[in-house]
Amino acid sequence: MFKKWYNKPRLLKEEIMENTNTPNHLAIILDGNGRWAKRQNKPRTFGHKNGAENVVDIAIHAKKRGIKYLTLYAFSTENWKRPASEVDYLMKLLIKFVEKKIDQLMKEDCKLNFLGDLSAIPGPTRKAVEQALEKTKDNKSLVINIALNYGGRDEIVHAVKQIIAKGYGPEEITEDLIADNLYTAGIPNPDLLIRPGGEIRISNFLIYQIAYSELYFTDVLWPDFDQDELDKALEAFKNRNRRYGALDESD
């Protein structure tokens, strides 16, 4: 199928507690495309098109800033409730995105990965996803996870089913075991979650993984979220004091 599993690296406590200036893993909720288009008296699809154009620019800048993993919330399990014409456009847009950007991603040594249940995705889109996975599989500079037909609660349900199917008993269930059966298995948890678009909620995105992530909200809509806006978010992250429930000398 389309589930990609990794051997989850075990981090030493001192590595977990280390407060670095740059996030290793950045997650972004791609929000505001429709409102951006509406402000310009354009259809929502115009906003989605421009939002897709912004993805690679932000990814390349993230790589330059030392980020190793970038996870983008592109299409949720709830987005199927949108008009059929808009959903169809988004599925075709992903195909165009892969066809248009794959060479640039290869040049930048970016690996594409997809998180979510892709069984419901239309055949041509799944084919494009498979081709992107295969072509970029050996790239290492930046892993770009695209959350497609993804929901945080659905991911946890899927993980529980996997654990049961593997025959684990209740006494064997641990946080690590759950993490090993999430779509993000083998990928460090996000250090920073950014939500453009003015909404202050996480919308069922990586709800297990962001337990200790720093959150950054901005009114800037995704198509306008440029390199300078990313730098602002990274500067804010640099000034956060990440304690993971512990105390520092000032407390």
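You'll find the protein entered in an unreviewed UniProt entry as Isoprenyl transferase, with Anaerococcus cruorum given as the organism. Per UniProt, the comment on the protein under Sequence similarities (unreviewed entry) is "Belongs to the UPP synthase family." Heading Function (unreviewed entry) of the UniProt record for the protein holds this comment: "Catalyzes the condensation of isopentenyl diphosphate (IPP) with allylic pyrophosphates generating different type of terpenoids."

Novice: Is there a simple way to explain the pairing of strand E5 (residues 192-195) in this structure?
Specialist: Successive side chains on a regular strand alternate, one facing one side of the sheet and the next facing the other. What you see with E5 is no split at all: Leu 192 and Ile 194 on one side and Leu 193 and Arg 195 on the other are buried throughout. For strand E1 (residues 25-29) and E5, the ladder comprises three bridges, and the chain directions are parallel. Each residue of the ladder has a partner; that of Leu 26, found in E5, is Leu 192. Two strands pair when backbone bridges link them, and E5 and strand E6 (residues 214-217) are joined in this way by four bridges, in the parallel orientation.

Novice: Got a minute to help me understand helix H6 (residues 152-165) in this structure?
Specialist: Because each turn of an α-helix spans 3.6 residues, side chains separated by three or four positions in sequence point in the same direction. For H6, with 14 residues, the first-to-last C-alpha span of 20 Å sits near the 20 Å given by 1.5 Å per residue. Looking at H6, one finds that the buried residues are Gly 152, Glu 155, His 158, Ala 159 and Ile 163. Seen end-on, H6 carries its buried residues on one side only, within an arc spanning 135°. Those residues of H6 that are exposed and angled more than 90 degrees off the buried face are Arg 153, Lys 161, Ile 164 and Ala 165. Phi turns positive, to about 90°, at Gly 167, one or two residues after H6.

Novice: I'm lost on the pattern of salt bridges in this one. Help?
Specialist: When the charged atoms of two side chains lie near each other, side chains of opposite charge can form a pair. All chains considered together, the criterion is met by 15 salt bridges. The closest approach of N and O atoms between Lys 63 and Glu 108, which form a salt bridge, is 2.7 Å. Within this pair, whereas Lys 63 is found in helix H3 (residues 44-64), its partner Glu 108 is found in the loop between helix H4 (84-107) and strand E3 (110-115), the two being separated by 45 residues in sequence. You can call Glu 108 buried: its relative accessible area is 19%. Members of the salt-bridge network, linked through shared partners, are Asp 31, Arg 35 and Arg 195.

Reading the values: rules and limits
- Residues numbered from 1 in each chain as written.
- Predicted model: local features only at pLDDT ≥ 70, side-chain atom pairs only at ≥ 80, totals over all residues.
- Heavy atoms only, no water.
- UniProt positions renumbered as here; feature names shortened; annotations may be inferred.
- Buried < 20%, exposed > 50% of the residue type's maximum accessible area, 1.4 Å probe, protein only.
- Helix = DSSP H or I, 4+ residues; strand = E, 2+ residues; numbered from the N terminus.
- Pairing = 2+ DSSP bridges.
- Expected span 1.5 Å × (residues − 1).
- Arc of directions from axis to C-beta.
- Salt bridge = Lys/Arg side-chain N within 4 Å of Asp/Glu carboxyl O.

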